[in-house]
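# Analysis of the macromolecular model
Given next are the chains, with one letter for each unit.
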Amino acid sequence: MRGAALVAIAATIGNFLQGWDNATIAGAIVYIKEDLNLGTSVEGLVVAMSLIGATVITTCSGAISDWLGRRPMLIISSILYFISGLVMLWSPNVYVLCIARLLDGFGIGLAVTLVPVYISETAPSEIRGLLNTLPQFTGSGGMFLSYCMVFGMSLMDSPSWRLMLGILSIPSLLYFALTVFYLPESPRWLVSKGKMLEAKQVLQRLRGREDVSGEMALLVEGLGIGGETSIEEYIIGPADELADGQEPTADKDKIRLYGPEEGLSWVAKPITGQSILGLASRQGSMVNQSVPLMDPLVTLFGSVHEKLPETGSTRSMLFPNFGSMFSTAEPHGKNEHWDEESLQREGDDYASDAAGGDSDDNLHSPLISRQTTSLEKDMVPPASHGSILSMRRHSTLVQDSGEQVGSTGIGGGWQLAWKWSEREGEDGKKEGGFKRIYLHQEGVPGSRRGSLVSLPGNDIPAEGEFIQAAALVSQPALYSKELMNQHPVGPAMVHPSETASKGPIWAALLDPGVKRALLVGVGIQILQQFSGINGVLYYTPQILEEAGVEVLLSNLGLSSDSASFLISAFTTLLMLPCIGVAMKLMDISGRRRLLLTTIPVLIVSLIILVFSEIVDSGTVVNAAISTACVIIYFCCFVMGYGPIPNILCSEIFPTRVRGLCIAICALVYWIGDIIVTYTLPLMLSSIGLAGVFGIYAVVCVISWVFVFLKVPETKGMPLEVITEFFAVGARQAATTKNE
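Parameters and conventions
Think of each chain on its own: its residues are numbered from 1, step by step along the sequence as written. Residues qualify for local features only when their pLDDT is at least 70, as the model is predicted, and side-chain atom pairs are given and counted only at 80 or more; totals for whole chains, interfaces and linings, by contrast, use all residues. With hydrogens and water excluded, all non-hydrogen atoms of the structure serve as input to the side-chain values. UniProt positions are given in the numbering used here, feature names are shortened, and annotations may be inferred rather than shown by experiment. By definition, any uninterrupted DSSP run of H or I lasting at least four residues is a helix, any uninterrupted run of E lasting at least two residues is a strand, and each is numbered from the N terminus. Using a 1.4 Å probe on the protein chains alone, a residue whose accessible area is under 20% of its type maximum counts as buried, one over 50% counts as exposed, and one in between counts as partly exposed. Residue contacts are counted whenever heavy atoms from the two residues lie within 4.5 Å of one another. Only the protein chains shown count as covering a residue, and every accessible area follows the Shrake-Rupley method with a 1.4 Å probe. The working definition used for a salt bridge is a side-chain nitrogen of Lys or Arg within 4 Å of a carboxyl oxygen of Asp or Glu. To get an axis, fit a line to the C-alpha atoms, keeping to the stretch in contact for a helix; angles then go from 0 to 180 degrees between the N-to-C directions. Any angle that is under 35 degrees is reported as roughly parallel, and any over 145 degrees as roughly antiparallel; angles of 65 to 115 degrees are reported as roughly perpendicular and all others as oblique. Note on residue categories: nonpolar means Ala, Val, Leu, Ile, Met, Phe, Trp, Tyr, Cys or Pro, charged means Asp, Glu, Lys or Arg, and polar means any other residue, Gly included. Stacked, tilted and edge-to-face pairs are distinguished by plane angle, under 30 degrees for stacked and over 60 for edge-to-face with tilted covering the rest, among Phe, Tyr and Trp rings (Trp via its six-membered ring) whose centres lie within 6.5 Å. The criterion for a charge sitting over a ring is simple: Lys NZ or Arg CZ within 6 Å of the ring centre, and within 35 degrees of the ring normal. A crossing counts as left-handed when the near helix is turned anticlockwise from the far one by less than a right angle, and as right-handed when that turn is clockwise. The criterion is simple. A nonpolar core is a set of buried Ala, Val, Leu, Ile, Met, Phe, Trp, Tyr and Cys residues joined through side-chain atoms within 4.5 Å. By arc we mean the arc of the directions from the helix axis to the C-beta atoms, nothing more. Helices are assigned an expected span. That span is 1.5 Å times one less than the residue count. Here the bend at a residue is taken as the angle between two axes, fitted respectively to the seven residues that end there and the seven that start there.

If you look the protein up in an unreviewed UniProt entry, it shows as Monosaccharide-sensing protein 2-like from Herrania umbratica. Looking at the protein in UniProt, the text filed under Subcellular location (unreviewed entry) is "Vacuole membrane".

Put into structure tokens, the structure is as follows:
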């Protein structure tokens, strides 16, 4: 996973520059207003121009990134950072400075919006939370280093604010070089545009292995939005492999999964009432029943994690001997590239071996290669589009009733499969169609002799190991009835480039699953902004002054400005180890648990700050209590409510509209930031500090309730499975409402 980690670190330099800029302007404005003789309103405008720029650029950044790609937008961000730094270094007057700050805001808006998306789309699901906490860490690290720089320059006889601001251009050059020469394009975006060959090469680099066919298949499946999904349940255990050509047994309700080793196979038997996920989908958990307002989504997601060990989803435990199903498949002499250029070869025979070299014109899919269904035995394979997928032999789940399934591990305990279902039509001829299956293990495999007696249909062999699995079954993402009418031998899927839109798919925002995800994303971003972080940051210098810290530093010969910068540097330094702890816990405890654990601490800290303002218990005692509360607040905020909203927003939307949806959430974030920043002085003058902190405490209580009722746990789950769950949960909620 080193490749994905290094790419994530390089991408988060954009967040480092954001933190650097935020701290630099906070220090430089002291000298700017003296040098340019600024009034209070103009001073506020200089600081706010970057905020305005970030808000403006966010309105279009997501839609453009869905069109042009993630990487070009990050390159543009680095260029804007560099140009703004140079202009700030030159700024002859306040007007030029404001323009430079606006350009800087454009760069900040692009980085803050798209870096989490980029990391989510490139990171393995097992460490996605850790890597997506990096923007918070690098942003705070940038603030710390910037405050140290400003503090050092404040000790000079005549500090130069132009130099303070202009230094931004130096790290932005590094950011530009990395985005141009090191960062690859998001493989999910490439697949959405039909650039399969390039996507495969990027995945091979990110995963450090040649065989990425399974994940490529997953990325194709992630292109779907909406659709009907059912939840099924299986018991899976070992079974003897059927020899080639052997007739299926008379048992019509088993699925066989063939392993990589000769003689190794698994039998899957459909059951009812055994799966936690299935129970959750039918009637909800006990918590859901006792809390009627809880979103069914929370129950569905929670059922996936209910029986997982508390060490995080570090690897797939389903069919542990398999690893990647495709890595053990028979080698092929034919090319495994399925790129947009292959459309030029439409009309060639589906089973043709074509030219064997590395050519984009070759018709064979990199996802799954040719597999024979029983339907093929009754007809001559017809000519079909070269863009139709096919299945790879020996990497299959085979249902004894004539259903065949190609399978692969996709991380987080999930397996991807396609099931071929056959039935007799009205004219007596066989008809068939493909279904996509996401399988998930429930519980830990183990030897349980004789323990299947109590299960319905206890004809699964009692000897050996078995596991319980839940399955999300739906149509393939690129399923085409037109291709099915041509009787293809394989999943009837059109090439992604045929469905790729040149712009954002606005109609997809009306899909019930997408609307439900937007509710979660927008809601948590609004509540985060009103949870008090800006107020506490505003108040920190005052309470540290009351605690005597500034006086102590002044006695050491530091000016009040230098002492303030040093205090700010110390405050941001305290955040770094706490963010490090959050990075460790993000994929172990999970996003939801971290929020539910840290938000109550924020509430208590704010309430104590309110009482310390109302009750006069002595200057020293008040200062000590306030200082402790502020430090605790900061530490808990950066562990949970700081990074998690952006992490969630980058995970819960479908590939085709991910950029557009996260831009909507980011726009809400920036608007909330503007409202909180500019209403804070008015609130302080009208209701006082105690009233402000009281309001923030109430918002934190509302936040906890919102997270408890509406925010699901997404740790360790592939992005495509997360969006599938939102579709299932939205439909279930609609059904419950209608009843």
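## A look at the overall build of the protein
On a plain count of helices and strands, the protein comes out with 25 helices and eight strands. Taking all 739 residues of the protein together, 58% fall into the buried category. Of the contacts made within the protein by residues no fewer than 6 positions apart, 78% connect residues no fewer than 24 positions apart. Split by element, the accessible area of the protein, about 28,600 Å² in all, is 61% carbon and sulfur.

## A few points about the pattern of salt bridges
Scanning the entire structure with this criterion turns up 13 salt bridges. Arg128 is the partner of Glu651 in a salt bridge, and the nearest nitrogen-oxygen pair spans 2.8 Å. With Glu651 in the loop between helix H23 (644-649) and helix H24 (658-710) and Arg128 in helix H6 (residues 128-154), this pair connects stretches of sequence that are 523 residues apart. As far as the burial class goes, Glu651 and Arg128 line up, both buried. Among the ionic contacts, a cluster of salt bridges with common partners joins Asp66, Arg70, Glu121 and Arg658.

## Section: the packing of helix H1 (residues 2-11) against helix H10 (residues 196-207)
Where H1 contacts H10, the two axes come as close as 5 Å, and the packing angle between them is 100°. In terms of orientation, H1 lies roughly perpendicular with respect to H10. Contact residues: Gly3, Ala4 and Val7 in H1; Arg205, Leu206 and Arg207 in H10. The class makeup of the residues in the contact of H1 with H10 is three nonpolar, one polar and two charged.

## Topic: the packing of aromatic side chains
For the structure shown, the criterion picks out 10 aromatic pairs. Ring geometry for Phe16 versus Trp20: centroids 6.1 Å apart, planes at 35°, classification tilted. Taken together, the residues Phe16 and Trp20, both in helix H2 (residues 13-35) and four residues apart, mark about one turn of the helix. Given the relative accessible area of 19%, Phe16 is considered buried. By relative accessible area, Trp20 is classed as buried at 10%. The ring centre of Tyr182 lies 4.8 Å from the NZ or CZ of Arg205, which sits over that ring.

## Topic: the side chain of Thr655
Here Thr655 lies in the loop between H23 and H24. Discounting residues that sit within four places of it in the chain, Thr655 has contacts with Asp66, Arg70, Arg188, Ser192, Gly222, Leu223 and Glu720.

## A closer look at the packing of helix H3 (residues 40-68) against H24
For the pair H3 and H24, interaxial distance at closest approach is 7 Å and the crossing angle is 165°. With respect to each other, H3 and H24 are oriented roughly antiparallel. The handedness of the crossing between H3 and H24 comes out as left-handed. Contacts between H3 and H24 pair Gly44, Ala48, Leu51, Ala54, Thr55, Thr58, Thr59, Ser61, Gly62, Ala63, Ser65 and Asp66 from the former with Arg658, Gly659, Leu660, Ala663, Ala666, Leu667, Trp670, Ile671, Asp673, Ile674 and Tyr678 from the latter. Among the residues making up the contact of H3 with H24, the classes are represented as 12 nonpolar, eight polar and three charged.

## Some remarks on the nonpolar core
In terms of nonpolar packing, the biggest core is built from 155 residues, with Ile32, Trp414, Leu606, Phe693 and Phe725 touching the most fellow members. Among the elements that make up this core, the one with the highest residue count is H24 (18 residues). The next biggest cluster of nonpolar side chains, apart from the first, holds 10 residues, and it includes Ile236, Ala469, Ala471 and Val473.

## Some words on H1
Restricting attention to buried positions, one finds in H1 the residues Ala4, Val7, Ala8, Ala10 and Ala11. Burial along H1 is one-sided: seen end-on, the buried residues are contained in an arc of 160°. Packed against the buried residues of H1 are H2, helix H5 (94-122), H6, helix H8 (169-181) and H10.

## Remarks on the environment of Leu297
Tracing the backbone through its elements, the reader meets Leu297 in helix H14 (residues 296-305). Separated by 430 residues in the primary sequence, Leu297 and Ala727 have C-alpha atoms spaced 9.2 Å apart. Here Leu297 is in contact with Arg516, Pro712, Phe725, Phe726 and Gly729, once residues within four sequence places are set aside.

## Topic: H24
Across its 53 residues, H24 extends only 20 Å between first and last C-alpha, which sits more than 12% below the 78 Å expected from 1.5 Å per residue. The sharpest bend along H24 comes to roughly 115°, located at Ile687.

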